[in-house]
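Here are the chains, one letter per residue:
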Amino acid sequence: MMRITRDSLLSGNANRRSWMALVNPSASELTQAAATLDIPESFLRKRLEGEASRPLIKQERLISLQFQVPMPKKGGTGQFMLVPLSLYFVPGYFVTLSEQEIPFLSQLIDPQKPRKRWELVLRIIAEVTRNYLPTARSVAREMAVVERDLRQAQRHDVVYRGLDINDRLLTLDLGLLQLEYVVSEIGHFLPAEDAVLAEIHEDTRIELSQVRDQVDSDQATINELLESYAYVVHNNVNHLFKFMAALIILATIPLFIPGAVAMNVPLGNFPHWHYGFTVVTGGLVLVEMLTAWVFYRKGWLRLD
Amino acid sequence: MGCQFYDTVEDVWVATERYTADGLFLLMPEQVHQCPQLEAALQRCLEQRLYCQDAEITLRLPVALLAQDAQFGTVGRMTHLTLHHTPRSLAILGEEPLIRRLQQNWLGELRHTSMGELLQRVLLSIIYSHERVARVLVERLQVLRMALKTAMGNTELRQIVALNRDLGELVIALRETGLILRNALRATPGESPVYPLLDAALREQRRIEDGVNLIHERYLAVTNAYNGIVQNNAHTVMKVMTVWLALLMMPIAFIMPWHMMTPLPLEHWHYLWFGLLAYVFGVTLLFARWARKHGFFSM
């Protein structure tokens, strides 16, 4: 989709510029946009195809920026996708290019109150940074669910869930790293005399740094915890081993107590003694109960 | 593949016998002896990785490639690309697959491109090669990680260790690239047209190094969890075998009192044998149901 909104922002010399929004554009729309903007079509296409390129390119007639915007996936808490958003400044136009509609763009770009171009870019970046924060929080909150399931877990599924959280936090961290680079590079382009812009830039930089610190901290925590998760699962399984070994010992006792009276050798009067069965079985039950009590006291017959 | 020269008039690559020190050339190591102008600079660069004289710069930079290993599958491989740049020429020297890839992916639409821009393109392609290989290694790492779900041997773990090591090699190679670019920047006068290109390449190298380093650190940190997964697989099998052992022990244990050479209860009952079998297997079955409910059999 290609949409042009006239007089949406102000250039460096206060001239009004139009906003061209390209959302998942078709091949013909890309060609049309490239012709309107008078730039090579490959500039737009390569960004959409996700080819490796510099996040900030400055050329004679063009400035291009690219960063990733976290967008929540429907139906899954903590699930998200990073949508690459490219911004272009070309004479007469400000272009946004993405595969999905970025909802906050139309709120920030208001023809009634046109902003200066770098202010607009910084406001967009600040909004993107704010989007990272709840996404990172919702991912990190999943750790609590994993920890709750750890108590009973006998298999490594919880470890895999932890690894998945680790991967998602890494994706967010890489997105933030790119954004941090863009913000740092933008600093070179800002007009030195504009104190307001310098302040917005500094605020954005600090906010970004805080979000990154938080993601780093969450990731460091889960990195450290993952090994412990594996040990907790081991321990759960080891509890079963311990319980079962105790049970096997208890099941072995009847092999030698009644077994002693089952030998094919002369047993004296024992085979004719009327209470033989009761006495031996009673003794067996007594030994079993005593052993089970000792095991229970030592915690070998507990499963929790 | 022989020495290639880019004909800007016809906009095509042509095979050529020799390096003429004007234009864009692609060469392989065995062709260097045909180019006496290049040989001395390349010889010096081989030792120092960077050689600058007047407006000439020769750089020897590490490039990451993917390779197939019989034991470990897809792995990263390091090779080198040597660039000899003068204001009027750029000679690129490297292994054939590397040169071919560069020609296909990075050296198109060259008619109006200056030697400086070409140098920057090649430098960026070298820097991005590490990121591309890192992404493939991470994808492979994730596949191996899923294969660990049922693994009890060390095959997957050893492959993961090799991939982690390859990721570490990428970080080291990127650092080496950064060092060479920084030295090249120091040796280049600020007013030289090459200076901003090297500066941009160096900043991009730092960004990519940060990213690849982050990926390497994060994946390396969770390696111990993989050990836990493999151990858990072995433990699970042992757990199920132990519960079966306990199940086999139970009928023996419950029937043992009726082996005694004493007067036995119900010994004259005609169906005692059936009754005892029903009793011991009944008790065992009850235990099996309880064990199943508590996940003793779950694999």
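Think of each chain on its own: its residues are numbered from 1, step by step along the sequence as written. Working convention: letters from A go to chains and numbers from 1 go to ligands, in the order in which they are written. Given that this is a predicted model, residues contribute local features only at a pLDDT of at least 70 and side-chain atom pairs are listed and counted only at 80 or more, while totals for whole chains, interfaces and linings are drawn from all residues. Note: side-chain values were computed over all heavy atoms of the structure, leaving out hydrogens and water.

S.K.: Give a description of the domain arrangement of chain A that names residues and reports values.
M.R.: Boundary definitions for the domains trace back to an automatic or database domain assignment. Splitting chain A by domain gives domain 1 (1–113) and domain 2 (235–297). For domain 1 of chain A and domain 2 of chain A, the distance between their C-alpha centres works out to 80 Å.

S.K.: So what about the domain arrangement of chain B? Which residues, and what values?
M.R.: For chain B, the domain assignment lists domain 1 (4–221) and domain 2 (233–293). For domain 1 of chain B versus domain 2 of chain B, the distance between C-alpha centres works out to 70 Å.

S.K.: How would you summarise the pairing of strand β5 (residues 56–69) of chain B if you had to cite specific residues and measurements?
M.R.: Residues and elements named next belong to chain B. Of the strand pairs in this sheet, strand β4 (residues 50–53) and β5 are connected by 4 bridges, and their pairing is antiparallel. Residue pairing across strands places Q53 opposite E56, the latter belonging to β5. Between β4 and β5, which pair antiparallel one after the other, the connecting turn spans 2 residues, and D54 there sits at a positive phi close to 55°. For β5 and strand β6 (residues 73–86), the ladder comprises 13 bridges, and the chain directions are antiparallel. Each residue of the ladder has a partner; that of L59, found in β6, is L83. Paired strands are those between which DSSP finds at least two bridges. What counts as a helix is a DSSP run of H or I of at least four residues, what counts as a strand is a run of E of at least two, and both are numbered from the N terminus. Linking β5 back to β6 in an antiparallel pair, the connection comprises 3 residues.

S.K.: Which residues make up the UniProt feature "transmembrane region" (unreviewed entry) in chain B, and what values go with them?
M.R.: UniProt positions are given in the numbering used here, feature names are shortened, and annotations may be inferred rather than shown by experiment. In this numbering, the UniProt entry assigns the feature "transmembrane region" (unreviewed entry) to residues 240–259 and 271–291 of chain B. What you have in residues 240–259 of chain B is 80% helix and 0% strand, and the ends, taken at the C-alpha atoms, are 30 Å apart.

S.K.: Mind laying out the pattern of salt bridges, listing which residues take part and the relevant values?
M.R.: Put simply, a salt bridge is a Lys or Arg side-chain nitrogen that is within 4 Å of an Asp or Glu carboxyl oxygen. One pass over the full model with this rule turns up 26 salt bridges over all chains. Across the pair R135(B) and E131(B) runs a salt bridge whose closest N-O atoms are separated by 3.3 Å. Residue R135(B) and its partner E131(B) are both found in helix α3 (residues 115–147); the two are separated by 4 residues, about one turn of the helix. Classification of R135(B) by relative accessible area gives partly exposed; the value is 47%. Residues R207(B) and E204(B) are paired through a salt bridge, measuring 2.7 Å at the closest nitrogen-oxygen approach. With R207(B) and E204(B) both in helix α5 (residues 194–221), this residue pair falls 3 residues apart, about one helical turn. The buried label goes to any residue with under 20% of its type's maximum accessible area, the exposed label to any with over 50%, and the partly exposed label to all in between, with areas taken from a 1.4 Å probe on protein chains only. Overall, R207(B) belongs to the buried group, its relative accessible area being 14%. A relative accessible area of 0% means that E204(B) is categorised as buried. Through salt bridges with shared partners, a single network forms among D173(A), E180(A), R212(A), D216(A) and R218(B).

S.K.: Explain unusual backbone geometry residue by residue, including any values.
M.R.: Residues and elements named next belong to chain A. Phi angles above zero are rare outside glycine, and N24 is one such case at about 40°. Along the chain, N24 turns up in the loop between β2 (16–23) and α1 (27–37). In the Ramachandran plot, D38 falls in the positive-phi region, its phi being about 60° despite a non-glycine side chain. With respect to the helices, strands and loops of the structure, D38 is situated in the loop between α1 and α2 (41–49).

S.K.: Describe in detail the sheet that holds strand β6 (residues 93–98) of chain A, supporting the description with residues and values.
M.R.: Residues and elements named next belong to chain A. Within the open sheet, the 7 strands sit side by side as β3-β4-β5-β6-β2-β1-β7. Their pairing is mixed. Both outer strands of the open sheet, β3 (56–58) and β7 (115–116), are each paired with one neighbouring strand and no more. As paired elements, β3 and strand β4 (residues 63–72) share 3 bridges and run antiparallel to each other. By the bridge assignment, L56 is partnered in β4 with L65. Throughout, a residue-residue contact means that at least one pair of heavy atoms, one from each residue, lies within 4.5 Å. In this analysis, axes come from line fits to C-alpha atoms, helices being fitted only over the stretch in contact, and the angle between any two N-to-C directions falls in the range 0 to 180 degrees. Packing against the sheet, helix α4 (residues 117–150) makes contact with β1 (2–10), β2, β4, β5 (80–90), β6 and β7, and its axis sits at approximately 30° to β4.

S.K.: So what's going on with helix α7 (residues 272–293) of chain B? Which residues, and what values?
M.R.: In this scheme, a helix's expected span is set at 1.5 Å multiplied by one less than its residue total. Here α7(B) is 22 residues long and its end C-alpha atoms lie 31 Å apart, about the 32 Å a rise of 1.5 Å per residue gives. Those residues of α7(B) lying buried are L272(B), L276(B), V280(B), T284(B), F287(B), A288(B) and A291(B). Looking straight down α7(B), one finds its buried side chains confined to an arc of 145°; they lie on one side. Residues of α7(B) that are exposed and angled more than 90 degrees away from the buried face: F274(B), A278(B), L285(B), L286(B), R289(B), R292(B) and K293(B). Those residues of α7(B) hidden inside the fold are in contact with α6 (195–260) of chain A together with α6 (223–255) of chain B. Downstream of α7(B) by a residue or two, G295(B) has a phi angle that is positive, lying close to 80°. Arc definition: directions from the helix axis to the C-beta atoms.

S.K.: Tell me what's going on with the packing of aromatic side chains, and back it up with residues and numbers.
M.R.: Only Phe, Tyr and Trp rings are paired, with Trp represented by its six-membered ring, and only when their centres lie within 6.5 Å; those with planes under 30 degrees apart are stacked, over 60 edge-to-face, the remainder tilted. Per the counting criterion, the structure on display carries 16 aromatic pairs over all chains. With a centroid separation of 6.2 Å and an interplanar angle of 65°, the aromatic rings of W258(B) and Y279(B) are classed as edge-to-face. Here the residue W258(B) occupies a position in the loop between α6 and α7, and Y279(B) occupies one in helix α7, the gap between them amounting to 21 residues. What links up through ring pairs into an aromatic cluster is the set F89(A), F94(A), W118(A) and F189(A). In this scheme, Lys NZ or Arg CZ marks a charge over a ring once it lies within 6 Å of the ring centre and within 35 degrees of the ring normal. Geometry around F89(A) places R117(A) over its ring, the cationic atom sitting 5.4 Å from the centre. Just above the ring of Y160(A) sits the side chain of K149(B); from NZ or CZ to the centre is 5.0 Å.

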